[in-house]
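Notes for the structure review
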Amino acid sequence: IGKHFSTTTHPEDVAKCREAGTKSVVNPGSVNKVLIRKPSIIAGEYHWVKWDFSLISHRDNDSPIGFLCIGTDVTVEKNVTEKLLEANRTLNTVIANTTDQIVILDPNLHILNSNYAASSNARRILQMQVEVNTPFLHYIPSEIKPIVSAMLEQALIGNSVSKEIDVTVKQELHSYMVRCSPLYTAQKKLSGITIIYSDITSLREANLKIEKQNSALKKIVRIQAHEMRAPVSNLLSIAHQNKSYDDQISEEERRVYFNAIGREAHRLDETIHRIIAEINQLNLSDEEWNSFQIES
């Protein structure tokens, strides 16, 4: 074996072949497989050969007389396998580093695997360590357990479901978008459930802030359109009357105008304060404040 393979084979592979031959001698009738790599005629490339070693014995007295060595070129299969493994490693890297929390369950709803985000979240919020082969519902707070259980039941019968779920942990509200999907084998057999849950707490808070701001802006526009214009129009009208008919206005009429000016100015001042109060409710950042305008 050494003489045949040592001329073209790496020393480590030669050692593998010798070991396979030894096993064949120790266990007659066994087939011992060895996968070796050989340089290709193309620089930098290789081809792979799978060798099957078995002992050949004399048919009369079972004494060993040699080895049967069958070599099969498995380069294509090996390259395909390597590509699949690399794709799987890449996928695992993406899953491990995504901010989404991913958990894979078996059909009995026990944890098969979880990515870093899911494990970290359980430690941070629940003070629990995610362990393989433990029931997933063990990690779900009681207040939302019926909702999650119903989603898992749907996934077990082949339905993909998603739902926004709010949960309070230690007086802190957390919002999640939870997606449950059935996981199938190549033979279309249910092998488990994939659960992806994304923390949308910040997004929910941002949406609530936007809703409050929109409500306040609508109120400001309504005040501006219906309550501010009246005193402004009255003040302009009084100013026009005084300017146009100054020499025809008596002292008594002038006092009436002055009282009206004070009254309308007071109304305008109250309206401005209401608008300022509504603007303060917006909780605008400096950037938002700089871009904030009320159209005339």
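Use the structure listed above.
Read on for an overview of the structure.

The rules behind these values
Residues numbered from 1 in each chain as written. Predicted model: local features only at pLDDT ≥ 70, side-chain atom pairs only at ≥ 80, totals over all residues. Heavy atoms only, no water. Pairing = 2+ DSSP bridges. Helix = DSSP H or I, 4+ residues; strand = E, 2+ residues; numbered from the N terminus. Axes fitted to C-alpha atoms, helices over the stretch in contact; angles between N-to-C directions. Contact = heavy atoms within 4.5 Å. Buried < 20%, exposed > 50% of the residue type's maximum accessible area, 1.4 Å probe, protein only. Expected span 1.5 Å × (residues − 1). Bend = angle between axes of the 7 residues up to and from the residue. Phe/Tyr/Trp six-rings, centres within 6.5 Å; stacked < 30°, edge-to-face > 60°. Salt bridge = Lys/Arg side-chain N within 4 Å of Asp/Glu carboxyl O.

1. What about the sheet that holds strand 2 (residues 46–57)?
Taken together, the 3 strands give an open sheet; going across it, the order is 1-2-3, and neighbouring strands pair in antiparallel fashion. What marks the edges here is a single partner per strand, and that holds for strand 1 (32–39) and strand 3 (64–73). For this sheet, the mean inter-axis angle between neighbouring strands, taken without regard to orientation, is 30 degrees. Of the pairings in the sheet, the one linking strand 1 to strand 2 comprises 8 bridges and is antiparallel in character. Within the sheet, the bridge partner assigned to Asn32 lies in strand 2 and is Phe53. Across the sheet, helix 2 (residues 11–26) is in contact with strand 1, strand 2 and strand 3; its angle to strand 1 comes to roughly 160 degrees.

2. What to know about the environment of Asn133
Relative to the helices and strands, Asn133 resides in the loop between helix 4 (116–126) and helix 5 (145–156). Exposure remark for Asn133: the relative accessible area of 53% places this residue in the exposed category. In this structure, the C-alpha to C-alpha distance between Asn133 and Leu112, residues 21 residues apart in sequence, is 6.1 Å. If sequence neighbours within four positions are ignored, Asn133 has contacts with His110 and Ile111.

3. With respect to helix 6 (residues 201–244)
Here helix 6 spans 62 Å end to end across 44 residues, near enough to the 64 Å set by a 1.5 Å rise per residue. Where helix 6 bends most, at Met228, the angle is about 40 degrees, and the proline Pro231 comes one to four residues later.

4. Overview of unusual backbone geometry
Despite not being glycine, Leu109 has its phi angle at roughly 65 degrees, a positive value. Assessed through its relative accessible area of 18%, Leu109 is described here as buried. We note that Asn133 has phi near 70 degrees; this positive angle belongs to a residue other than glycine.

5. Regarding the packing of aromatic side chains
For any pair of aromatic rings, the description rests on two quantities: the centre-to-centre distance and the angle between the ring planes. Following the criterion strictly, the structure yields 1 aromatic pair and no others. The interplanar angle of 75 degrees and the centroid separation of 6.1 Å between the aromatic rings of Tyr176 and Tyr197 together place this pair among those described as edge-to-face. Here Tyr176 is found in strand 7 (residues 172–184), whereas its partner Tyr197 is found in strand 8 (residues 190–199), with 21 residues between them in sequence. Its relative accessible area of 8% is what places Tyr176 among the buried residues. On the basis of relative accessibility, which here comes to 15%, the residue Tyr197 falls in the buried class.

6. What about the pattern of salt bridges?
Pairing between side chains becomes possible if they bear opposite charge and their charged atoms approach one another. Evaluated as defined, the whole model comprises 6 salt bridges. Between Glu164 and Arg204 there is a salt bridge; the shortest N-O distance is 2.7 Å. Taken together, the residues span a long stretch of sequence, with Glu164 in strand 6 (residues 161–169) and Arg204 in helix 6 at a distance of 40 residues. On the accessibility criterion, Glu164 (45% relative accessible area) is partly exposed. In this structure, Arg204 engages Asp166 in a salt bridge whose closest nitrogen and oxygen atoms are separated by 3.1 Å. With a gap of 38 residues between them, Arg204 in helix 6 and Asp166 in strand 6 connect regions that are remote in the sequence. Overall, the relative accessible area of 23% leaves Arg204 in the partly exposed class.

7. Observations concerning the pairing of strand 4 (residues 101–105)
Strand 4 sits mainly inside the fold: 4 of its 5 residues count as buried. The pairing of strand 4 with strand 8 spans 5 bridges and is classified as antiparallel. Bridging across to strand 8, Leu105 finds its partner in Ile193. Where strand 4 and strand 5 (residues 111–114) come together, 3 bridges link them in antiparallel fashion. By the bridge assignment, Ile104 is partnered in strand 5 with Asn113. Here strand 4 hands over to strand 5 after 5 residues, with Leu109 in that stretch at a positive phi of 65 degrees.

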